[in-house]
Amino acid sequence: MLDIRRLRETPETVKTLLAFRGPGYEAMVDEVLAVDSQRRANETRWQHLQAERKNLSKQIGVLRAKKEDSSALEEESKKLGAEMESIQAASAEAEEKQRDLLLSIPNTPHDEIPRGSDASANPVLRTWGDPPKIDQAQDHVAIGTRLGLFDPERAAKISGSGFICYTGQGARLERALISFLLDLHTRDHGYTEMSPPFLVNRATMTGTGQLPKFEADLFGATESDLFLIPTAEVPVTNFHRDEILSVDQLPLKYAAYTPCFRREAGSTGRDTRGLIRMHQFDKVELVKITTPETSAAELESLTADAERVLQLLGLPYRVIELCGGDIGFGACRTYDIEVWAPGHNGWLEVSSCSSFGDYQARRMALRYKGADGKNHLCHTLNGSGTALARLYVALLENGQQPDGSVHLPEILHPYFGAAKLTAA
RNA sequence: GGUGAGGUGGCUGAGUGGUCGAAAGCAGAGCUUUGCUAAAGCUCCGUAGGCCUUAAAACCUACCGAGGGUUCGAAUCCCUCCCUCACCGCCA
């Protein structure tokens with residue numbers, strides 16, 4: 001959520017930045033400002049009436065204590081009450097409308113991010129590693145089914161399309177990856193491990209920005225008004241919602257493994273084959289809560305922490321920066337990490353590292369008490385460290401051997417208990 | 001799921017219809033006294049919004065789990081919901 005004061009004071013700057021995302025946001029800013037001035041006018045009037053009424057009530061109390069007649073004052077107070085009620089209705093409506101509008105305006109992008117309307121304008125910042133030379137590379141579905149690592153047909157039977165069931169050594173590999181990633185980030189990168197709930201309430205989803213705008217993308221448990229998390233970012237960032245942290249606690253760094261549940265509404269038919277786009281997938285997520293002064297540097301180190309995963313696994317990757325038209329709703333700056341997948345002859349997004357500035361923090365009233373003794377909004381960041389399913393794809397496709405087996409990176413051997421995947 | 005007891009400021013904890021944003025204590029900040037330490041005394045110390053503004057203060061309003069209701073007036077009375085604790089039942 002953007003600061004309404006910032007909108008009032010520098011509307012043109014906000015409009016200019018929002019225009020990085022595309023057209024149409026100017027009208028939203030104007031609308032929220034109109035509602036805001038209406039709301040404040042109502043509120044001020046109401047407050048004056050209330051002050052007057054409070055004063056009358058006190059006088060009534062004094063008269064009654066002295067057993068004197070107070071009926072005239074009571075009558076007057078009643079009249080005030082009636083007028084207040086009508087103002088109250090208009091005021092409450094304006095307030096709700098303002099909040100809805102504010103929650104629906106995306107974050108202002110950082111002014112240094114690349115301009116562009118879609119993913120084709122995202123610049124490649126750096127590339128690491130060399131793609132392996134593989135004759136007639138198979139894709140991960142062919143490799144996985146041949147080696148019995150997972151079973152798409154039976155997963156579809158028990159849940160539907162868009163789900164996978166890992167089996168045998170395939171399931172063991174998934175578990176090995178989770179352990180490897182959590183160990184790496186907690187031992188080497190200084191993150192605190194978290195294992196949060198997978199179902200969260202409406203306030204939590206609103207705090208990180210999924211609600212109210214993207215309810216259609218979520219799986220919900222409507223009877224109890226709970227939602228399945230689309231990423232661990234949601235429960236972990238909201239862990240400190242409505243808190244005032246001490247500045248010397250910061251930055252807070254959390255790593256969490258969770259499954260992620262996404263309806264993928266609007267993407268039916270895309271990437272339907274295999275593990276690339278599913279309604280449920282595993283991910284290890286990194287979350288940071290920082291001060292405004294350090295958030296920029298923390299985004300760089302967060303991205304480096306995610307890149308380290310691919311370096312240790314020896315998987316070729318590249319880092320791109322998202323342009324204005326491609327950046328997510330709440331983010332002000334985002335780096336995506338894409339791993340090379342020989343079977344697809346293309347790059348797969350395995351991590352998205354973003355800074356949200358104070359956008360999420362304002363939504364969830366996440367603050368810290370600074371050295372000046374005053375409260376300030378924190379900055380929040382998160383990045384995948386990394387998505388498991390696509391990492392899995394990359395491991396199979398990059399590690400495939402002419403004899404049909406798959407060689408695993410050495411660092412995984414102790415976690416997996418073997419050096420390669422072979423047919424059972 | 002049932003029954004009972006509760007949810008008040010960073011914490012503890014008073015307050016059952018009228019100058020209550022809320023006693024007191026603890027913690028915290030500042031000052032005074034004291035040769036240091038210790039101790040004592042005094043002062044300050046919640047959040048958000050509005051108004052006015054260069055800004056702040058002052059001032060006004062809201063907030064005693066959340067939302068409704070009763071009343072001239074609600075932390076206080078009524079209703080609904082949420083959460084915590086205890087016991088019972090059930091259960092991985």
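Starting afresh in each chain, residues are numbered from 1 along the sequence in its written order. Whichever chain is written first is A, and whichever ligand is written first is 1; the rest continue in order. The predicted origin of the model limits local features to residues at a pLDDT of at least 70 and limits the giving and counting of side-chain atom pairs to 80 or more, whereas totals for whole chains, interfaces and linings rest on all residues. Computation of side-chain values: all heavy atoms of the structure, hydrogens and water removed.

**Section: the pattern of salt bridges**
Now for step 1: By definition here, a salt bridge exists when the distance from a side-chain nitrogen of Lys or Arg to a carboxyl oxygen of Asp or Glu is within 4 Å. In the structure shown here, the tally under the stated rule is 23 salt bridges.
Now for step 2: Across the pair Arg333 and Glu112 runs a salt bridge whose closest N-O atoms are separated by 3.4 Å. Here the residue Arg333 occupies a position in strand E10 (residues 333–341), and Glu112 occupies one in the loop between helix H4 (71–104) and strand E1 (124–128), the gap between them amounting to 221 residues.
Now for step 3: When accessible area is computed with a 1.4 Å probe and restricted to protein chains, residues below 20% of their type maximum are described as buried, those above 50% as exposed, and intermediate ones as partly exposed. On the accessibility criterion, Arg333 (15% relative accessible area) is buried.
Now for step 4: Taken together, the salt bridges that share partners define one network made up of Arg8, Asp36, Arg39, Arg40 and Glu43. Secondary structure counts use DSSP, requiring at least four H or I residues in a row for a helix and at least two E residues in a row for a strand, with both numbered from the N terminus.

**Considerations on the domain arrangement of chain A**
Now for step 1: Segment limits for the domains were obtained from an automatic or database-derived domain assignment. What the domain assignment reports for chain A is domain 1 (4–104) and domain 2 (119–421).
Now for step 2: Taken over C-alpha atoms, the centre of domain 1 sits 43 Å from the centre of domain 2.
Now for step 3: Each partner contributes to the interface: domain 1 provides five residues, whereas domain 2 provides eleven residues.
Now for step 4: Three residues stand out in domain 1 for area buried against domain 2, namely Arg21, Leu103 and Ser104, and they jointly supply 78% of the buried area on that side.
Now for step 5: Applying the counting criterion to the domain 1 and domain 2 interface returns zero salt bridges. Here, two residues are considered to be in contact whenever any of their heavy atoms come within 4.5 Å of each other. Here the quantity called buried area is the total loss of accessible area, with a 1.4 Å probe, experienced by two parts when brought into contact, counted for both.

**Points about the protein's contact with RNA strand B**
Now for step 1: Any residue with a heavy atom lying within 4 Å of a molecule or strand is counted as near it. Taken together, 22 residues surround RNA strand B, and among them Arg8, Gln50, Arg64, Ser77 and Arg367 come closest.
Now for step 2: The term polar contact refers here to a pair of N or O atoms within 3.5 Å; inside protein, the definition further demands a hydrogen-donor-capable atom paired with an acceptor-capable atom, and it admits residues adjacent in sequence only when both atoms are side-chain atoms. At 3.0 Å, a side-chain N or O of Arg8 approaches a phosphate oxygen of RNA strand B.
Now for step 3: Among the elements of the structure, helix H1 (4–9), helix H3 (25–65), H4 and strand E12 (367–369) are those that each provide at least two residues to the surface near RNA strand B.
Now for step 4: Sort the elements by how many residues they give to the surface near RNA strand B and H3 lands first, with 14 residues.

**A look at the sheet that holds strand E9 (residues 317–321)**
Now for step 1: Taking strand neighbours across the sheet as the criterion, the eight strands line up as E1-E9-E10-E11-E14-E8-E7-E2 in an open arrangement whose pairing is mixed. Only two strands of the sheet have a single neighbouring strand rather than two, namely E1 and strand E2 (192–194). Averaged over all pairs of adjacent strands, the angle between strand axes in this sheet comes to 25°, irrespective of strand direction.
Now for step 2: Pairing between strands is defined by DSSP: at least two bridges between the two strands are required. Pairing between strand E8 (residues 280–290) and strand E14 (residues 379–387): seven bridges, direction antiparallel. Across the sheet, Ile289 pairs through a bridge with Thr380, a residue of E14. Axis geometry follows a simple rule: fit a line to the C-alpha atoms, using only the stretch in contact for helices, then measure angles between N-to-C directions, giving values from 0 to 180 degrees.

**Focus on unusual backbone geometry**
Now for step 1: Omega for the bond connecting Leu250 with Pro251 falls within 30 degrees of zero, at 0°, which places this linkage in the cis form.
Now for step 2: Its place among the elements puts Pro251 in the loop between strand E6 (244–246) and strand E7 (252–261).
Now for step 3: For the bond from Gly385 to Thr386, the omega torsion is 10°, close enough to zero to count as cis.
Now for step 4: Locating Thr386 in the fold gives a position in strand E14.
Now for step 5: Although it is not a glycine, Gln136 adopts a positive phi angle of roughly 50°.
Now for step 6: Structurally, Gln136 is set in the loop between E1 and helix H5 (140–147).
Now for step 7: You will see that Asn345, though not glycine, has its phi angle at about 50°, which is positive.
Now for step 8: Given the relative accessible area of 60%, Asn345 is considered exposed.

**Side note on the pairing of strand E11 (residues 346–355)**
Now for step 1: Here E11 lies mainly inside the structure; seven of its ten residues are buried.
Now for step 2: Here nine bridges tie E10 to E11, and the two strands are oriented antiparallel to one another. Bridge pairing in E11 links Val339 to Leu348.
Now for step 3: Linking two consecutive strands that pair antiparallel, namely E10 and E11, is a turn of four residues; a positive phi of about 50° is found at Asn345 within it.
Now for step 4: Examined bridge by bridge, E11 and E14 share three bridges and lie antiparallel to one another. By the bridge assignment for E14, Ser354 is matched with Asn382.

**So, the side chain of Glu174**
Now for step 1: Relative to the helices and strands, Glu174 is located in helix H7 (residues 169–188).
Now for step 2: Here the positive residues are Lys and Arg and the negative ones are Asp and Glu; neither His nor the chain ends is included. Of the side chains with opposite charge, Arg175 comes closest to the buried, unpaired Glu174, at an N-O distance of 10 Å.

**Details of the sheet that holds strand E4 (residues 220–221)**
Now for step 1: Strands sit in the order E3-E5-E4 across an open sheet of three strands; the sheet is antiparallel. Unpaired on one side and paired on the other, strand E3 (199–201) and E4 mark the two borders of the sheet.
Now for step 2: As defined by bridge partners, E3 adjoins strand E5 (residues 226–228) across three bridges and the pair is classed as antiparallel. Each bridged residue has a counterpart across the sheet, and for Asn201 the counterpart in E5 is Leu226.

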